[in-house]
Amino acid sequence: MRLHRLTVTAFGPFAGTETVDFDALAAGGLFLLRGATGAGKSSVLDAVCFALYGETPGARRANRLRSDHADPKRLTEVQLELTLGGRRLQITRLPEQQRPKKVGTGTTVERAQTLLREWVADTGDGTPGWRGLSKSHQEVGEEVLQLVGLNREQFCQVVLLPQGDFARFLKADSEERGKLLRRLFDTERYRLVEDWLAEQRRAQEAAVQAGRRRLRDLSSKAEQAAGPGAEPAEGWVPAEDGDTGLTAGVLGWAAVLRSGAAEQLAVAESALAGAGLAQRTAQRHREAAEELAGRQRRHREALERAARLAGFEPAAAQDRQRLAAAQEAVGVESALRLRESAAEALRRAQAAERRHREALAAAPGGEGRRLDGAGAAELAEAELRLRAEVVRLEAARADELRCAEIAREQGTLTADRTTAEALAEEAEDWLAEFEGELKRLEDEHARAREATARVEQLDGQRAELAIRLDAARERDGLRAEITAAEPRVVELRTAALDAREHSLDLRDRRLTGMAAELAEQLRTGEACRVCGSPEHPAPAEAAPGSRVAAEDEERARRAQAVAEQAWTEADQALTALRVREASAAGAAGPEGADALARALAGLECEHREARHTAEALGRVEQQIARLSQDRARRDDELHEAKERTAVLSDRLLKLATERDALTARVAAARGEAASVADRAAALTRTTEQVAATATAARARTEAVARLDEAEGELGEAAAAAGFPDARAALAVLLPRDERERLEARLERHRAETAAVRRELDLPELTEAAARPPVDLPAVAAGLRAATDRLGQAHAARAAAHERCEALAAIGRQLAGLAAELAPALDGYGRINRLATLTAGTSGENRLRMRLESYVLAARLEQVAAAASDRLVRMSGGRYTLVHNDGRGAGTKRSGLALRVVDAWTGTERDTATLSGGESFFASLSLALGLADVVTDEAGGMPLDTLFIDEGFGTLDEQSLEEVMDVLDGLRERDRAVGIVSHVADLRSRVPAQLLVRKGRRGSTLALAGREDA
């Protein structure tokens, strides 16, 4: 990278446009940037950094880029021409800044701009020139970063060598030195490796711990399943979690537990077999005892039943006699029932006939009285005649119903015609008022439309007036602040000028009195330090009261700086107030705030009235639409009402004619009754009474005949059964259910007697009765004891079997866990070793050096070797920088220590023991060495231009000569080296110089040679 030309405008202390021709300035390879303190030497370097990266160096990033001395119309701009990777580029940057508006008063924000151009041999028309590459901040930044190979921090550390930083770097401890090295070298990937290993270690440790917890849980389960008498875990399960053979003892212990459980199962199965045999023997003994006791009980019960049956025998003989007599009289029973049924039927028929004749006699019209005493045949004829009359009345009844229907229809039609006439009249009245209502709504609609347009106009006027009112109020407030601040600024300016004048006066008086100070130090016979003469004929004397000490001058200078700073800040604040006041005045216009407020209030009132009127627009439009719809609907209603009135009138006329004809026929058929329906209903009831009476007469006649026939059949049945008459047969006759009960009782007595005889004749019962009684409780107690022993044996065997299964399952889980945990333990051991080794906490890492620190230590070793090549020359072969990776004190990490080797004494000591001049050329050597290593690390991009910022004032003449020889060596490599310093001795050593002059209106740049020094 070689710089060619730098142009700055309104940048930092430079009010105008200043250009630095680096090609002319660096023609000899070495050039000097000099000027008074605060003139802007470092601002040149800031401009180079800003052009490349869009930011100034880190130590000065907070400073403002725009010059306070510049014309407000002149924009801050930096333009840099340089060669990168064999390409001639031009970078132009403008930061975000305030500028005056092109139209009107006040200021506006000018956005940041970036332009990258390249010099090409052919721009398209055959001529060389600049060709634009990009205007994007991001694209230009990426292009510069790719070509330079250094980020902003690396560039500022490598190209703009800040000596103060490297002096601190030289004497810093390992932690502070590591911070700078991490910024310069990309060691992020090594830190990520450390973090990854630590994360893997935590993950592996979590997995191992989970496995260990599962192993402990399974061990507890196995111990619980094995029971209290099992092999204890002590001696089998190791207590140390880190033991890699953690699972071996547990698996052996689990095998021992399974073996013991198998033995307990075999013992339990043997005990179960013995208990089962004893229980089956007791069961058979109980069954035999129960069978014998049952037979003895059956024999006793048979004897008891035989005795009870013998006592019932006399009653059974009487029952057999009664049953035989009743069975002989059964033939008379059916004939008796027929005779009783016929008598009952006759009684019911007589009662029904009497009841119907009474009802017929009470029938209206006299028809029932005429038929009183009539026979069944006469009643049947009367029924036929009455039914024919009812049929004739049905036709007349239909006419009567039609008359009623016509009357109802006439009423409905009359009401409908009245309604239709009312609707027609209402529609005619509404249509008569339609035109006037429509005209009123159209006038209201026009007024609402005008108000809507007025509201839109007033909205714009209100917004503009509100902005002007706010600006006017801000303008008035700022004017008051300006009026209050102006006397303060004048006061501070006067104080600053007085302080400056006082400081200059003290400086002049001190310069004037320096001769008297030197004269006071003269001694007779000693050589003068000015002229070297041992004689002092006329030493200068200080005037009374004119003596000024250096402390007085320094206090005056500090007071001047404080006063000028206060004046500058107050003046800047006043200028900002004036700029804001001018902007607010331009926005507000000439009117005052009160006038604008009154105008705004008037507009608000007018706006409210117009908005209220405009709000009716939608409502009026809806009313007009509804009115038009109502007119069409009213026209249709009027037409339909007139047509319906005509149709209804015609229908009413036809119904009146039909009703008159039907009324005459109905009156003839009704007679004296209220209606034809009433007369037909009365006649129908009479007909039904006549028919019922005729039926009842015929039923009575039939019942008399059936009773006579039943009496004859009853006499014949009694004679056939051997009874003298029917009364004798009825005396011994029993009801059927009672006969069935007697038969059943006698049959049970016979069957039970036969069964008792068969039971007593059985030989096994006879043999059982001869034996002694059985003791069933004792037999049952023996069976219960055997059953209890069998249950206990079953429970013991089930528990032993369950224990074996549980231990087998746990054993399988332990085996699986052991297979799963073994590689996890092995992997955790490896990853734990790597993680602690890279983190510097492992015992194997004797230097306690992290991986990132190890890489940085390697880089620092390279830097120390590159720096020592120059330090040996600068120190006349005395000093060499070496890297030390010894352990730090206490808990501090190691690996980034620097030591200096003194060849004169042969000792190695701390860099903090170097003197001021020695520290300068040691730190300069370190900076140049670091620049070489960083350049190589970044890809070997040649850095043809370097800047060294200050630090030469601490060197004596010989050391300065040695440093200049080293810098000449840099120049021999075709490098341009710029020295930023105000050391006077460098003016005669470096012919090419860039002079930075400061003044009240800003600083300027100029090329200067030795004659300008």
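Residues numbered from 1 in each chain as written. Predicted model: local features only at pLDDT ≥ 70, side-chain atom pairs only at ≥ 80, totals over all residues. Heavy atoms only, no water.

A few words on the overall build of the protein chain. Scanning the protein chain for helices and strands turns up 24 helices and 17 strands. By residue count, 37% of the 1013 residues in the protein chain fall in the buried class. For the protein chain, the share of sequence-separated contacts (at least 6 apart) that also reach a separation of at least 24 residues comes to 74%. As presented, the protein chain carries roughly 56,600 Å² of accessible surface, and 52% of it is formed by carbon and sulfur atoms. (Helix = DSSP H or I, 4+ residues; strand = E, 2+ residues; numbered from the N terminus. Buried < 20%, exposed > 50% of the residue type's maximum accessible area, 1.4 Å probe, protein only. Contact = heavy atoms within 4.5 Å. Areas by Shrake-Rupley, 256 points an atom, 1.4 Å probe, with all protein chains shown as cover.)

Turning to the pattern of salt bridges, a few remarks are in order. A pair can form between side chains of opposite charge whenever their charged atoms are brought close. The tally for this structure, following the rule as stated, stands at 32 salt bridges. For Glu444, the salt bridge identified is with Arg619, shortest N-O distance 3.0 Å. In this pair, Glu444 sits in helix H12 (residues 376–520) while Arg619 sits in helix H15 (residues 617–670), placing the two residues 175 residues apart along the sequence. Residue classification places Glu444 among the buried residues on the basis of a relative accessible area of 16%. (Salt bridge = Lys/Arg side-chain N within 4 Å of Asp/Glu carboxyl O.)

Moving on: a negative patch on the surface. Among the surface-exposed residues, Asp635, Asp636, Glu640 and Glu643 lie close enough to one another that they form a single negatively charged patch. By the element assignment, Glu643 lies in helix H15. (Patch = residues over 30% accessible without salt bridge, like charges linked within 9 Å, V, L, I, M, F, W, Y side chains within 5 Å. Lys, Arg positive; Asp, Glu negative; His and termini not counted. Charge placed at Lys NZ, Arg CZ, Asp CG, Glu CD.)

Moving on, we come to the pairing of strand S12 (residues 897–902). Of the two faces of S12, only the one carrying Leu898, Val900 and Asp902 is buried; Ala897, Arg899 and Val901 on the other face are not. As paired strands, strand S11 (residues 879–884) and S12 are joined by 6 bridges and run antiparallel to one another. Across the sheet, residue Val882 finds its bridge partner in S12, namely Arg899. Bridge analysis of S12 against strand S13 (residues 907–910) gives 4 bridges, and the strand direction is antiparallel. By the bridge assignment, Arg899 is partnered in S13 with Asp910. (Pairing = 2+ DSSP bridges.)

Turning our attention to helix H2 (residues 41–53). In this model, H2 (13 residues) spans 19 Å end to end at C-alpha, consistent with the 18 Å of a helix rising 1.5 Å per residue. Counting buried positions along H2 gives 12 out of 13 residues, so the element sits mostly inside the fold. Among the residues of H2, those classed as buried are Lys41, Ser43, Val44, Leu45, Asp46, Ala47, Val48, Cys49, Phe50, Ala51, Leu52 and Tyr53. (Expected span 1.5 Å × (residues − 1).)

Quick look at the nonpolar core now. Membership of the largest hydrophobic core comes to 44 residues, with the highest contact counts inside it found for Leu6, Phe31, Leu52 and Leu82. No other element matches the 9 residues that H2 contributes to this core. What Leu82 contacts, discounting residues up to four positions off in sequence, is Met1, Arg2, Leu3, His4, Leu52, Arg87, Arg88, Leu89 and Ile91. Leu881, Val900, Leu930 and Val933 belong to the second-largest nonpolar core, a separate cluster that totals 20 residues. (Core = buried A, V, L, I, M, F, W, Y, C linked by side-chain atoms within 4.5 Å.)

With that settled, consider the side chain of Gln90. Here Gln90 shows up in strand S5 (residues 87–94). Within the local environment of Gln90, its side chain forms a polar contact with the side chain of Glu81, the two groups lying 3.4 Å apart. Each residue touching Gln90, except ones within four places of it in the same chain, is listed here: Gln79, Leu80, Glu81, Leu115, Leu116, Arg117 and Trp130. (Polar contact = N/O pair within 3.5 Å; in protein donor to acceptor, adjacent residues only side chain to side chain.)

A separate point is the pairing of strand S15 (residues 976–980). Within S15, 5 of the 5 residues are buried, which leaves the element mostly enclosed by the surrounding structure. Going residue by residue along S15, you find Ala976, Gly978 and Val980 tucked away on one face and Val977 and Ile979 tucked away on the opposite face as well. Relative to S15, strand S3 (residues 30–35) runs parallel, the two being bridged by 4 bridges. Bridging from a neighbouring strand, Leu30 pairs with Val977 of S15.

Looking now at the sheet that holds S11. With antiparallel pairing, 3 strands are arranged side by side in an open sheet as S11-S12-S13. Each end of this open sheet is capped by a strand with a single partner; those strands are S11 and S13. Each adjacent strand pair in this sheet contributes to an overall mean axis angle of 35°, direction not counted. Sheet strands touched by helix H21 (residues 851–874): S11 and S12. Its angle to S11, the strand with the most contacts, is close to 175°. (Axes fitted to C-alpha atoms, helices over the stretch in contact; angles between N-to-C directions.)

For the rest of this paragraph, the subject is the packing of aromatic side chains. One pass over the structure, following the stated rule, counts 3 aromatic pairs. Taken together, a centroid distance of 6.1 Å and an interplanar angle of 35° make the contact between Phe11 and Phe50 tilted. Within this pair, whereas Phe11 is found in strand S1 (residues 2–11), its partner Phe50 is found in helix H2, the two being separated by 39 residues in sequence. Phe50 gets classed as buried once you look at its relative accessible area, which sits at 4%. (Phe/Tyr/Trp six-rings, centres within 6.5 Å; stacked < 30°, edge-to-face > 60°.)

A separate point is the sheet that holds strand S8 (residues 113–120). Pairing within the open sheet is antiparallel, and its 6 strands lie in the order S2-S1-S4-S5-S8-S9. The open sheet terminates on both sides in strands that have one partner only, identified here as strand S2 (14–21) and strand S9 (129–134). Each strand axis lies, on average, 20° off the axis of its neighbour in the sheet, ignoring direction. When S5 meets S8, the two strands line up antiparallel, connected through 6 bridges. When the sheet's bridge partners are listed, Thr92 is paired in S8 with Leu115. Strands in contact with H2 are S1, S2, strand S4 (77–84) and S5; relative to S1, the strand with the most contacts, it is inclined by about 100°.

Okay, the environment of Ser259 next. As for its position among the elements, Ser259 is in helix H8 (residues 246–311). By relative accessible area, Ser259 is classed as partly exposed at 40%.

A word on helix H3 (residues 137–148). An ideal rise of 1.5 Å per residue puts 16 Å on 12 residues; H3 measures up with 16 Å between its terminal C-alpha atoms. Buried within H3 are the following residues: Val140, Val144, Leu147 and Val148. The arc that holds the buried residues of H3, viewed along the axis, is 90°, so those residues lie on one side. Exposed and oriented more than 90 degrees from the buried face of H3 are Gln138 and Gln146. Following H3 by one or two positions, Gly149 has its phi on the positive side, about 80°. (Arc of directions from axis to C-beta.)

Okay, the confidence of the model for the protein chain next. With 77% of its residues at a pLDDT of 70 or more, the protein chain has an overall mean of 76. The spread of mean pLDDT over the elements of the protein chain runs between strand S10 (residues 160–162), the lowest at 60, and S5, the highest at 92. Counting interchain partners and residues more than four positions distant, the pLDDT-below-50 stretch residues 240–244 has 8 contacts. (pLDDT = per-residue confidence, 0-100.)

Right, let's talk about the side chain of Arg99 for a bit. Position of Arg99 relative to the elements: it lies in strand S6 (residues 97–100). Filtering out sequence-adjacent residues up to four positions away, Arg99 remains in contact with Pro72, Leu75, Gly106, Thr107, Thr108 and Glu110.

Right, let's talk about the environment of Leu860 for a bit. With respect to the element layout, Leu860 can be found in helix H21. The buried category is assigned to Leu860, whose relative accessible area is 0%. Taking the C-alpha atoms as reference points, Leu860 and Leu926, 66 residues apart in sequence, are found 9.9 Å from one another.

To continue, consider unusual backbone geometry. Look at Ala10: it is not a glycine, yet its phi comes out positive at around 55°. Position of Ala10 relative to the elements: it lies in strand S1. By relative accessible area, which is 0% here, Ala10 ends up buried.

It is worth spelling out the environment of Thr56 at this point. Positionally, Thr56 belongs in the loop between H2 and S4. Under the relative-accessibility criterion, Thr56 is labelled buried at 6%. Put simply, Thr56 and Leu45 are 11 residues apart on the chain and 8.6 Å apart in space, counted from C-alpha to C-alpha.

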